[in-house]
Amino acid sequence: MGSKWRKAKLALGLNLCVYVPRTLDDSAAPSSERLSDAALLSPTNWDSRPMTPTPSSNGLRLAKSGSKSSKQTCSICLTKMKQGGGHAIFTAECSHSFHFHCISSNVKHGNQLCPVCRAKWKEVPFQAPTLDPQPGRAPVGWPQTDAMMTVVRRLPPPPRRDRRHVVPLLQVPEPSVFNDDESLDLQPAFAERSSGNKMAAGHSAGKTVEIKTYPEMSAASRFNSYDNFTVLVHLKAAATVARENPRGNLASLPQLSQTPRAPVDLVTVLDISGSMAGTKLALLKRAMGFVIQNLGSNDRLSVIAFSSTARRLFSLRRMSDAGRQHALQAVNSLVANGGTNIAEGLRKGAKVMEERREKNPVASIILLSDGQDTYTVSGSSGNQPQPNYQLLLPLSIHGGDNAGFQIPVHAFGFGADHDASSMHSISEISGGTFSFIETEAVIQDAFAQCIGGLLSVVVQELQVGLECMHPSIRLGSLKAGSYPSRVMADTRSGFIDVGDLYADEERDFLVSINVPAESSMNQTSLLKVRCAYRDPLTKEMATLESEEVKLERPEISGEVVVSIEVDRQRNRLQAAEAMSQARTTAERGDLAGAASILENCRRLLSETVSARSHDRLCIALDAELKEMQERMASRHVYEASGRAYILSGLSSHSWQRATARGDSTDGSSLVQSYQTPSMTEMLTRSQATLLGSPSAQRLVQPLWSLGSQPRPR
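Note that the structure is a prediction, hence the values are computed from the model and not measured.

**Description of the overall build of the protein chain**
And step 1. Secondary structure summary: the protein chain contains 16 helices and 21 strands in total.
And step 2. Counting every position in the protein chain, which comprises 713 residues, the buried fraction comes to 58%.
And step 3. A fraction of 73% describes how many contacts in the protein chain between residues 6 or more apart in sequence connect residues 24 or more apart.
And step 4. Only carbon and sulfur atoms are counted for the fraction: they give 49% of the accessible area of the protein chain, which is about 28400 Å².

**Some details on the side chain of Asp 373**
And step 1. Along the chain, the position of Asp 373 falls in the loop between strand E11 (362–369) and helix H7 (395–398).
And step 2. At 11 Å, Arg 347 is the nearest oppositely charged side chain to Asp 373, a buried residue that forms no salt bridge.
And step 3. Side-chain polar atoms of Asp 373 contact the backbone nitrogen of Ala 343, separated by 3.1 Å.
And step 4. Only 2.7 Å separates the side chain of Asp 373 from the backbone nitrogen of Thr 376, close enough to count as a polar contact.
And step 5. Discounting residues that sit within four places of it in the chain, Asp 373 has contacts with Thr 340, Asn 341, Ile 342, Ala 343 and Leu 392.

**Quick look at the sheet that holds strand E18 (residues 506–515)**
And step 1. Pairing is antiparallel in the open sheet, where four strands are placed in the order E6-E7-E18-E15. With one partner strand each, in any of the chains shown, strand E6 (209–215) and strand E15 (475–479) form the two edges of the open sheet. With direction set aside, neighbouring strand axes in the sheet form an average angle of 20 degrees.
And step 2. When strand E7 (residues 226–237) meets E18, the two strands line up antiparallel, connected through nine bridges. In the sheet register, His 234 faces E18, and the bridge partner there is Asp 508.
And step 3. Those strands touched by helix H10 (residues 564–587) are E6, E7, E15 and E18, and its axis lies near 105 degrees from that of E18.

**Side note on the sheet that holds strand E13 (residues 434–437)**
And step 1. One open sheet holds the six strands; their spatial order is E10-E9-E8-E11-E12-E13, and the pairing between them is mixed. The two strands at the open ends of the sheet, each matched to only one other strand, are strand E10 (310–318) and E13. For this sheet, the mean angle separating the axes of adjacent strands, direction not counted, is 15 degrees.
And step 2. In terms of strand pairing, strand E8 (residues 264–271) meets E11 through seven bridges, oriented parallel. When the bridges of E11 are listed, Asp 265 appears paired with Ala 363.
And step 3. Relative to the sheet, helix H9 (residues 443–454) contacts E8, E11, strand E12 (409–414) and E13, its axis offset from that of E11 by approximately 165 degrees.

**Considering helix H11 (residues 591–606)**
And step 1. A rise of 1.5 Å per residue sets the reference length of H11, with its 16 residues, at 22 Å; its end C-alpha atoms lie 23 Å apart and thus fit the reference within 8%.
And step 2. Residues of H11 that are buried: Leu 591, Ala 594, Ala 595, Leu 598, Cys 601, Arg 602 and Leu 605. Across the axial projection of H11, the buried residues extend over an arc of 120 degrees, all falling on one side.
And step 3. As for H11, its buried residues are in contact with H10, helix H12 (609–612), helix H13 (616–630) and helix H14 (635–655).

Cut-offs used in this document
- Residue numbering note: each chain is counted from 1, following its sequence as written.
- Side-chain atom pairs in this predicted model are given and counted only at pLDDT of 80 or more, local residue features only at pLDDT of at least 70, and totals for whole chains, interfaces and linings cover all residues.
- Values reported for side chains reflect all heavy atoms of the structure, with hydrogen atoms and water molecules removed beforehand.
- In this description a helix means any DSSP run of H or I spanning at least four residues, a strand means any run of E spanning at least two, and both kinds are numbered starting from the N terminus.
- For the exposure calls, accessible area comes from a 1.4 Å probe over protein chains only, and a residue counts as buried if that area is under 20% of its type's maximum, exposed if over 50%, partly exposed in between.
- Here, two residues are considered to be in contact whenever any of their heavy atoms come within 4.5 Å of each other.
- In this description, accessible areas are obtained by the Shrake-Rupley approach with a 1.4 Å probe, and a residue is regarded as covered only by the protein chains that are shown.
- Residues counted as positive are Lys and Arg, residues counted as negative are Asp and Glu, and His and the chain ends are not counted.
- One speaks of a salt bridge when a side-chain nitrogen belonging to Lys or Arg is within 4 Å of a carboxyl oxygen belonging to Asp or Glu.
- Any pair of N or O atoms that falls within 3.5 Å is considered a polar contact. Within protein, one atom must be able to donate a hydrogen and the other to accept it, and sequence-neighbouring residues count only if both atoms are side-chain atoms.
- Pairing between strands requires that DSSP locate at least two bridges from one strand to the other.
- For every element, the axis is a line fit to its C-alpha atoms; helices are fit only across the contacting stretch, and the angle between N-to-C directions ranges from 0 to 180 degrees.
- Each helix should span, by expectation, one fewer than its residue count multiplied by 1.5 Å.
- Arc, as used here, means the arc of the directions from the helix axis to the C-beta atoms.

Keep in mind these values describe shape, not function.
Structural data, given as structure tokens:
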């Protein structure tokens, strides 16, 4: 039998050679081979010890190390099948060979497809229970000392009588009602403290939200009136995450799940359509493994997998050691096939949330897809130029006519072929964010940034109230991005519904008012800001208010000095508006006009006070606008990445929350503009797992540097 090397090109442009034997029916293999699901560090291969399988009675070939096939490379763990190594070698009916312990773990949950050529096997290998006397070995290629992997245990094989009738997890019958969520047990985690924890004091001090206000000018002539005077309202949540020298030894990083925080109910809705086969699914499995390992014992997780239909892999259950084992087992059983039915996946995810018997304080859905829904949303027609993407969302997620949001969906568009417009709409309607994973290998970092925020919620149901203090002052506009806001009929008060805040997260809102002339007063009282919110740990409501915002009124104001804080936020809103206008223009086919809008905005920003002061945010906005211009160079470039990059940027600026977008590593990029320390720490943890694995070092280049810190605003 001859052989040849085939090259599988990874998302980052690296070439990795995978040895595949040529067989007589080799022509049946796909012409463009991709790396297998298991070949990219997916936590499937639980054991790397030598072992000898029970003799097979089904005619499949098993070769002891030292045979001719031992010169091959195992396509799962990417290591040589060395002569004399003591590892059993399994040769499938399609003639592809693997370490027996690698392939038996890969197929034990019902996956009967060859990881290399995707051929369906009629018979699969099973591993005898006596062959694994010592549990607890980490997956091949993962750092053995990584604290995340300490919960990994050998999953017991099926009973002997069932070994020929393994049912894939996706075929396990679902209950009609998803009220089988695991009961909450919150007290122990609330009492937990990581070593040297500096976090509890900040939270217990009761100062969970800080309010600051900045009038656009500190003084204005008393004889003049102003119709559109701007006041900046700045909010910052308390810092409540332990941080022990994030630049130091990664092994000593405190576990985020051990700090007193609000536990999370998380449902991940994952696309496993046919286009996810190979590298994409392997990277998704690895990213989900990271999420599973970093959830705390009081956090609960459920996984929905969808293609043409959707299935719940397992009920909402706590991520205890046993829960993690079960979740890892379920995720690693996934096989890609079928179409893309996003609506059905979200319906199942919403059903888990709706019908749970108990509720953790924080709830969220993570949606990942690399394609377009072909079952629910149709193209434009008649008087409806744009598809109605709200059809993709169940009522319980978008809330219908109810005020506020029910369950936020954080959407991740994977690769160049996803429907960025639908994913952005789903996140926008539900109150979540949209991230664009342009380079497939950074999916784990994108997930890490997201859960870094979700695992640090310190404020819920935050509402900002504004009240005019001077009898002649009236509210004009409230510039709050995507947050619902309203001015009351008397124009004397207004409200902004903010919702949740992560630890250290900041929000900035511009309030426009009229300022009357004051011929005899040295000061004018403008506004008072009040905040009401729920503490997610105690579930108690709390309120606080700012001091009155006052404006000095001298007879002669002298030189007008504009607040750089106000100017900075004006620039952010102006840039976001230009992005939105450019996107609308590009969708009409006028890419040159869209690029002109962005160029004009860059010119205006360069003339502002912030730009002259070399403000970091202004510099970053200019760099982002320039990047968007370049992604409008042609229709092909715009369709492949420009639309998704702009929409992810709009999502980030409108919610003032970090999103992953593209693969930019530019130091002035706004990829990190709203990152919180807890997000940065989770990203550091993600990079530690990747850099700790030699295989991962070859496959993945980090999107965020190991010691990255949040950018100053």
